[in-house]
Amino acid sequence: SPEDHIMATAALHLLDIDKDGIALVTLNRPAALNSINRALRLELLALWPELDERKDVKVIVITGAGDKAFCTGADLKERSTRSTEEMVHDRHYLTSKSTNALASVSKPVIAAIKGYCMAGGFEMVLQCDISIAADNAIFSLPECTHGFFPGGGACQRLPKLVGYQLAKELIFTGRRWDAQEAKALGLVNKIVPAGKVMDEAMTMARKIASYPSIGIIQAKRALNQSMEVGLSAGLKFDVEAWVGCMHSDEWKEKLGGFVRKERKS
């Protein structure tokens, strides 16, 4: 039907880059609750490194089209049509690449979450640096209830945020939790009314984008490293990351301005 054709040709994601250097990425499958089909996964895998490289992008904000969902994970309708061999191939050569693609972006990434944020959608949020949730946000990792498990990084990332016992409870039971519980568990940074989510995410993005990029990028590298290594190795990494900031003259200008202010006062 003509309607199906329109759906097929609609952009699976929307990209808007503003003058402040904020790249807004909108997952654009609202009728499918912004679930990720194979085509969208391939688009996003290409998009993250491309945005990371762009000089006009300082911060990335990710959201879902419509008010019902941020993202509900993999498109299970599509997945059910694929053979076991195709699924295994996808897992090795496609899905496995997306479990760290967003986390390895050098620039800060903010998730703006409205409505359902589930399965691979929540695993995408776990790869972001900061998350702003609407008061109507609903989270879950329901994979175990379907006979598989959250294989998009939640088993590795979630225990580091909430501890092993709680991560096991959330994953084994597949239960839902709301924005308030997500905030209490430290899984989101802020809860705001649904109509204010984008404003809040963009305000935070603009604030971060107004600072010299080098310091933010090196801080993110050091913070990401802390998830990988012990304290001594992490502190050694910090020295090198800090020296990396010295290769930029931006900090000298800032410091000069700060010293001039001090002298005047």
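Residues numbered from 1 in each chain as written. Predicted model: local features only at pLDDT ≥ 70, side-chain atom pairs only at ≥ 80, totals over all residues. Heavy atoms only, no water.

Draft legend 1. Quick look at the pairing of strand E3 (residues 59-64). Counting buried positions along E3 gives 6 out of 6 residues, so the element sits mostly inside the fold. The two faces of E3 match: Val59, Val61 and Thr63 on one face and Ile60, Ile62 and Gly64 on the other face are all buried. Pairing analysis gives 6 bridges linking strand E2 (residues 22-27) to E3, with the strands arranged parallel. Of the residues in E3, the one forming a bridge with Thr26 is Thr63. (Buried < 20%, exposed > 50% of the residue type's maximum accessible area, 1.4 Å probe, protein only. Helix = DSSP H or I, 4+ residues; strand = E, 2+ residues; numbered from the N terminus. Pairing = 2+ DSSP bridges.)

Draft legend 2. Up close: the environment of Glu200. Among the structural elements, Glu200 can be located in helix H9 (residues 197-209). Separated by 169 residues in the primary sequence, Glu200 and Ala31 place their C-alpha atoms 25 Å from one another. For Glu200, the residues in contact, after removing those within four places along its chain, are Ile132, Lys190 and Val192. In terms of polar contacts, Glu200 uses its side chain to reach the side chain of Lys190, at 3.0 Å. (Contact = heavy atoms within 4.5 Å. Polar contact = N/O pair within 3.5 Å; in protein donor to acceptor, adjacent residues only side chain to side chain.)

Draft legend 3. Summary view of a nonpolar patch on the surface. A surface patch of nonpolar side chains, about 300 Å² in accessible area, is lined by Val239, Trp242 and Val243. For Val243, a relative accessible area of 35% corresponds to the partly exposed category. (Patch = residues over 30% accessible without salt bridge, like charges linked within 9 Å, V, L, I, M, F, W, Y side chains within 5 Å. Areas by Shrake-Rupley, 256 points an atom, 1.4 Å probe, with all protein chains shown as cover. Salt bridge = Lys/Arg side-chain N within 4 Å of Asp/Glu carboxyl O.)

Draft legend 4. Local environment of the sheet that holds strand E6 (residues 116-118). Taken in spatial order, the 4 strands of this open sheet run E4-E6-E8-E9, and their pairing is mixed. Both outer strands of the open sheet, strand E4 (69-71) and strand E9 (176-178), are each paired with one neighbouring strand and no more. Neighbour-to-neighbour, the strand axes of the sheet open up by a mean angle of 25 degrees, direction not taken into account. Note: E4 against E6, 2 bridges, orientation parallel. (Axes fitted to C-alpha atoms, helices over the stretch in contact; angles between N-to-C directions.)

Draft legend 5. Structural context of the sheet that holds E2. Judged by pairing direction, the sheet is mixed, and its 6 strands sit side by side in the order E1-E2-E3-E5-E7-E10 without closing on themselves. Bordering the open sheet on either side are strand E1 (13-17) and strand E10 (190-192), each of which pairs with just one other strand. Each strand axis lies, on average, 20 degrees off the axis of its neighbour in the sheet, ignoring direction. Sheet strands in contact with helix H2 (residues 38-53) are E1, E2 and E3, and its direction is about 175 degrees off that of E2.

Draft legend 6. Spotlight on the nonpolar core. Among the nonpolar cores identified, the biggest contains 45 residues, and Trp48, Ile60, Phe122, Phe139 and Leu158 are the most heavily contacted of them. In this structure Leu158 touches Phe122, Leu126, Leu141, Gly163, Ala167, Leu170, Ile171 and Leu187, once residues within four positions along its chain are discounted. (Core = buried A, V, L, I, M, F, W, Y, C linked by side-chain atoms within 4.5 Å.)

Draft legend 7. View of the packing of aromatic side chains. Under the criterion given, the structure shown has 3 aromatic pairs. Ring centres 5.8 Å apart and planes at 75 degrees place the aromatic pair Phe122 and Phe139 in the edge-to-face group. Of the two residues, Phe122 is situated in helix H5 (residues 120-127) and Phe139 in strand E8 (residues 138-140); the sequence distance between them amounts to 17 residues. Accessibility expressed as a relative area gives 0% for Phe139, which makes it buried. Summarising the aromatic geometry, the rings of Phe122 and Trp177 are spaced 5.4 Å apart at their centres and angled 85 degrees between planes, so their arrangement reads as edge-to-face. Taken as a pair, Phe122 in helix H5 and Trp177 in strand E9 lie far apart in primary sequence, 55 residues in all. Note on Phe122: relative accessible area 0%, which makes it buried. Trp177 gets classed as buried once you look at its relative accessible area, which sits at 1%. (Phe/Tyr/Trp six-rings, centres within 6.5 Å; stacked < 30°, edge-to-face > 60°.)

Any functional reading would require information beyond the geometric quantities listed.
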